[in-house]
Amino acid sequence: MTTQAAITLKRINEMRMIGIVKRFPGVLAVDHVDFDVRSGEIHALLGENGAGKSTLMKMLYGLYQPDEGTVMLDGTPARVRSPHDAIQSGIGMVHQHFMLVPSLTVAENVALGMKSSRGWRLDLKGVASRLRQLSEQYHLKVDPDVPIWQLAVGEQQRVEILRALYKGAALLILDEPTAVLTPGEVDELFWVLRQMKTDGIATIFITHKLHEVLAITDRVTVLRDGRRVDTIPTHDATRGRLAEMMVGRPVVLEYQRDKTHLHAEHLRLKDVKALNERGEQGLKGVSLSVCGGEIVGIAGVSGNGQRELAQVITGLRPTQGGTIQVNGRDVTGKSATFVHNLGVAYIPEERMVDGAIKEFTCAENFILQDHAASPFARGGVLMNYGAVDRACREAIQRYEIKTPGPDTPLKNLSGGNIQKLILARELSRKPGLLIAAQPTRGVDIRATEYIHLRLLEERARGTAVLLISEDLDEIMALSDRIAVMYEGCIIGVVSREGATVRQIGAMMAGAVLESENV
Amino acid sequence: MIESILAPSVFASAIRLATPYVFASVGEMFGQRSGVLNLGVDGIMLMGAFFSYYVALLTGNLLLALLAAVLVGALMGLAMAFISVTLKAEQGISGIGVYLFGLGMSELLFQKLVGTPRSVDGFPRVAIPILSDIQFLSLGEIFFNHNLLVYVAFALIPIAAFILNRTPFGLMIRAVGQHPEAADAMGVSVVRVRYITVIIGGILAGVAGASLSTALLKVFQQNLTSGLGFIAVALVYFGRWRPFGVLAGALLFSFVNALQLQISALGIDVPSEFAVMAPYVITIIALVFASKQTEKPTALTKPFDRGG
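Residues numbered from 1 in each chain as written. Chains lettered and ligands numbered in written order. Predicted model: local features only at pLDDT ≥ 70, side-chain atom pairs only at ≥ 80, totals over all residues. Heavy atoms only, no water.

**Student:** Quick question: what am I supposed to make of the overall build of chain B here?
**Tutor:** The helix and strand inventory of chain B stands at 13 helices and two strands. The C-alpha atoms of chain B give 20 Å as radius of gyration, which agrees with the globular expectation for 308 residues (19 Å, within 12%). Seen through its C-alpha atoms, chain B measures out along the principal axes to roughly 65 × 45 × 40 Å. Here chain B holds 308 residues, and the buried ones make up 53% of them. Sequence-distant contacts in chain B: of pairs separated by 6 or more residues, those separated by 24 or more amount to 79%. Taking the 17 positively charged and 14 negatively charged side chains of chain B as two groups, their mean positions are separated by 9 Å. (Helix = DSSP H or I, 4+ residues; strand = E, 2+ residues; numbered from the N terminus. Rg over C-alpha atoms; globule rule 2.2 N^0.38 Å. Buried < 20%, exposed > 50% of the residue type's maximum accessible area, 1.4 Å probe, protein only. Contact = heavy atoms within 4.5 Å. Lys, Arg positive; Asp, Glu negative; His and termini not counted. Charge placed at Lys NZ, Arg CZ, Asp CG, Glu CD.)

Encoded structure:
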């Protein structure tokens, strides 16, 4: 009977990556990077999207092979040709997109790829009991017999961490672990990380959030454009310094938000109900109003009805009840075109699916909606590519979009520039209501800053802005009022003055606010 | 009337007719559970059918005949795995290629090596002592008086279920078919697992062919299977990727088949074309109405590429 076999903790005193280079066709993704982490240390790997953080770590985990450079474990060169080798050497990784099989249970996911203590038969009971032991030790509550698809995102992450520990990880890579968590869950994660630290585990914490670096790490390495900018002890770091290292120039961290006076109500939802993709109640009676000249932020963990909310307003999803008014006109049950023509602009969450066609050129994407309108089409029939080209050139210049020209296929642009093009297209119509869903997800700091300033500009112009975002910092920085969505309901609306991250975080986890100031 | 249509011999023949379907479908199920759709089953069956028939004709040794089918099935499975896993070719197309190869090759070899159809002795009936004497509901006749391959086919079902659900390898198969990236990240070799399952599928398709040519019909002719392998692929869908589901489908299909044979044997006035169509039509109807809640492998037909 080996059910009580202790989890064998391997030990890595020091991991050192030296002169690592990785080339992808046409890109130098990682350019001679040195990086090291020690036992009992939390080392932040900070950088923007595309800086090479994930690529570097995928090489450490054996998913990619470096073109040059060596990985040293405790002074000897290590051969990490596959994740199998990495796991054998005591390296674990919690991926940004969880590597869990939805149809399998927690225990099955943990047992996957491991030798069974019962030889050619699975020993799921043994796995489950050892898993319970481990989950108690790290306060990571998980039921081993539940299939993954039934778990919330935060719980899935717990499974990923537990699994890495179960496999005896002495070095754990966490790729953007907080991206999917509520502030409360982030606190729990940090508790686990500190626990791991005292157990001598070396942790690499990939992030682009500055305050997390300052809160939990011992050292920080900043990457930019595939190169290492510097490695410094965290106690020597400040937000401003880190941001400057990431971007290469000073960055605005707080926006100036001038007082604006409110215009008429541009959007009004009353008790709106709708089904989600799976045919369940996605919106369970949402009421909300947005006036011209204000930004209303929708906070919440993803999957709590935000997507359905945006789609219902823009006419992309049928309602099951309630009414929606735009500029005082009832648009309930109206088509997307009808809503669009009332001056509603929409920056969709899935920009490459719902917002643009990646095989089309910049110019074609720019006129995606107005392709049949003057001046882009003569008489609504013949395209006028001259006018299209001119308009797109103008937008490229005004919105500082980095592209060789209007004829470049959209897929050749970076995420930030694609988003700027969509923003340009939507704002060029001078909308009365702007729905911006996750407008800066996966967008670099410079473009994020630019997009934020544009949203504030729209607010000053008198546009009603509905900002849907999972990034609480973004919500706090831009909104006048903040509505928190939880399980298809708005469980509270607070004004930005007086709202704290802690309070909103608690609401995102479902806590109803006592003193509600709507 | 009804009694003669539903005679015990009809049930017994349904059990026998189910054999090639069971072998081929269980094999195909392994491949599909790991994410590889092999449409070449029918071609592999034809090759297995021919080689086992030919070896039986030459040597009279049934074990060698079966071995020949296993070998040729394994080789064609290997070819399919190489094309679809290593070369990452479109699975639907490469499967059709494998089918057409098997169809043409088996006929060519038959023409060159044998010429005119001659029957072989093939697998004899093996009545299981005591059990085959059960008179109650004619159970003995229906279940326990068949050739060896029939018993093997039915034993295969629980074994396949056990492998899939109770062994580390089965867990790997399910993971690779559902989320290959996750399996890869956990140190499972997606490529290796898929090669193994597709080769298992090839072997079982070869044996399915052997059961047809050396056990059931005891003869080979051009296109002996007449699309039976494609039905086997459909039965995997029908059975919702579960061994016992696949068995149920195979039995339903072979029962309708046997019934149709019986009806025409009794000289009942049903247009024979209609009777031949019936099993296929019923299968399609059953497929349409089969439960939509499924364990369908989400990575089915998708080649795996780790990148970098």
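Here the narrative resumes.
**Student:** So what exactly am I meant to see when it comes to the nonpolar core here?
**Tutor:** With 150 residues, the main nonpolar core has Met15, Leu56 and Met57 of chain A as its most contacted residues. Among the elements that take part in this core, helix H3 (residues 41-59) of chain B stands out by supplying eleven residues, more than any other. What methionine 15 of chain A contacts, discounting residues up to four positions off in sequence, is Phe35, Asp36, Val37, Leu60, Val71, Met72, Leu73, Leu171 and Ile204 of chain A. Counting residues in each nonpolar core, the second largest holds 37 residues, with Ile347, Cys362, Ala391 and Leu478 of chain A among its members. (Core = buried A, V, L, I, M, F, W, Y, C linked by side-chain atoms within 4.5 Å.)

**Student:** What should I look at first to understand empty space enclosed by the protein in this one?
**Tutor:** Which parts of space are left empty comes out when a probe the size of a water molecule is rolled across the atoms. All names here are of chain A. Taken as a whole and assessed by the stated rule, the structure comprises four cavities of 30 Å³ or more. In this structure, the largest cavity occupies an estimated 100 Å³ of space. Of all the secondary-structure elements, those providing two or more residues to the lining of the largest cavity are strand E6 (91-94) and helix H5 (153-166). Residues that form the lining of the largest cavity fall into these classes: seven nonpolar, two polar and three charged. (1 Å grid on protein atoms, 1.4 Å probe; cavity = no way out; pocket = protein on both sides within 12 Å on 5 of 7 lines; lining within 4 Å. Points joined across faces, edges and corners; volume = space filled by probe spheres on them. Nonpolar A, V, L, I, M, F, W, Y, C, P; charged D, E, K, R; others polar.)

**Student:** Quick question: what am I supposed to make of the sheet that holds strand E1 (residues 14-24) of chain A here?
**Tutor:** Pairing between the strands of a sheet comes from backbone hydrogen bonds, and it takes one of two forms, parallel or antiparallel. All names here are of chain A. If you trace the four strands from one edge of the open sheet to the other, you get E2-E1-E4-E5, paired in antiparallel fashion. Because the sheet does not close on itself, it has two edges, and the strands there are strand E2 (27-38) and strand E5 (76-77). As judged from the two bridges shared by strand E4 (residues 68-73) and E5, these two strands associate in the antiparallel manner. For methionine 72, the partnering residue across the bridge sits in E5 and is proline 77. Here helix H1 (residues 53-60) sits on the sheet in contact with E1, E2 and E4, set at roughly 115 degrees to E1. (Pairing = 2+ DSSP bridges. Axes fitted to C-alpha atoms, helices over the stretch in contact; angles between N-to-C directions.)

**Student:** What am I meant to see in the confidence of the model for chain A here?
**Tutor:** Low-confidence regions, as indicated by low pLDDT, have predicted coordinates that should not be scrutinised in detail. Summary statistics for chain A give a mean pLDDT of 89 and a share of 97% for residues scoring 70 or more. Contacts of residues 1-6 of chain A to residues separated by more than four positions or lying in other chains number seven contacts, the stretch itself having pLDDT below 50. (pLDDT = per-residue confidence, 0-100.)

**Student:** Got a minute to help me understand the packing of aromatic side chains in this structure?
**Tutor:** For any pair of aromatic rings, geometry is given as the distance between the ring centres together with the angle between the planes. Under the criterion given, the structure shown has 16 aromatic pairs over all chains. The interplanar angle of 85 degrees and the centroid separation of 6.5 Å between the aromatic rings of phenylalanine 50 of chain B and phenylalanine 110 of chain B together place this pair among those described as edge-to-face. Taken together, the residues span a long stretch of sequence, with phenylalanine 50 of chain B in helix H3 and phenylalanine 110 of chain B in helix H5 (residues 91-113) at a distance of 60 residues. Residue phenylalanine 50 of chain B shares its accessibility class with phenylalanine 110 of chain B, and that shared class is buried. Taking 4.8 Å as the distance between ring centres and 80 degrees as the angle between the ring planes, the aromatic pair formed by tyrosine 99 of chain B and phenylalanine 230 of chain B counts as edge-to-face. Taken as a pair, tyrosine 99 of chain B in helix H5 and phenylalanine 230 of chain B in helix H11 (residues 228-238) lie far apart in primary sequence, 131 residues in all. Owing to a relative accessible area of 15%, tyrosine 99 of chain B belongs among the buried residues under this scheme. Judged by relative accessible area, which is 32%, phenylalanine 230 of chain B ranks as partly exposed. An aromatic cluster is present here, built from Phe50, Phe51, Tyr53, Tyr54, Phe110 and Phe220 of chain B joined pairwise through their rings. Just above the ring of tryptophan 120 of chain A sits the side chain of arginine 121 of chain A; from NZ or CZ to the centre is 5.7 Å. (Phe/Tyr/Trp six-rings, centres within 6.5 Å; stacked < 30°, edge-to-face > 60°. Lys NZ or Arg CZ within 6 Å of the ring centre and 35° of its normal.)

**Student:** Which parts of the structure should I look at to understand a positive patch on the surface?
**Tutor:** Taken together, the side chains of Arg118, Arg121 and Lys125 of chain A together with Arg166 of chain B make up a positively charged region of the molecular surface. Position of arginine 121 of chain A relative to the elements: it lies in the loop between helix H3 (106-111) and helix H4 (124-137). Taking the relative accessible area as the measure of exposure, arginine 121 of chain A reaches 34% and is therefore partly exposed. (Patch = residues over 30% accessible without salt bridge, like charges linked within 9 Å, V, L, I, M, F, W, Y side chains within 5 Å. Areas by Shrake-Rupley, 256 points an atom, 1.4 Å probe, with all protein chains shown as cover. Salt bridge = Lys/Arg side-chain N within 4 Å of Asp/Glu carboxyl O.)

**Student:** Which parts of the structure should I look at to understand the interface of chain A and chain B?
**Tutor:** For an interface, size is often stated in terms of accessible area lost upon the parts coming together. Chain A puts 31 residues into the contact, and the matching count from chain B is 22 residues. A combined buried area of about 2,000 Å² lies between chain A and chain B, and 69% of that area is made up of carbon and sulfur atoms. The three residues of chain A that bury the most area against chain B are Met99, Leu112 and Leu122 of chain A, which together make up 27% of that side's buried surface. Taken together, the links from chain A to chain B amount to one salt bridge. Taking the shortest distance from any N to any O, the salt bridge between glutamate 108 of chain A and arginine 174 of chain B comes out at 3.2 Å. At the junction of chain A and chain B, the tally comes to three residue pairs in polar contact (both at pLDDT 80 or more). By residue number, the principal contributor to the side of chain A that touches chain B is helix H2 (residues 83-88) of chain A, which donates three residues. (Buried area = accessible area lost by both parts, 1.4 Å probe. Polar contact = N/O pair within 3.5 Å; in protein donor to acceptor, adjacent residues only side chain to side chain.)

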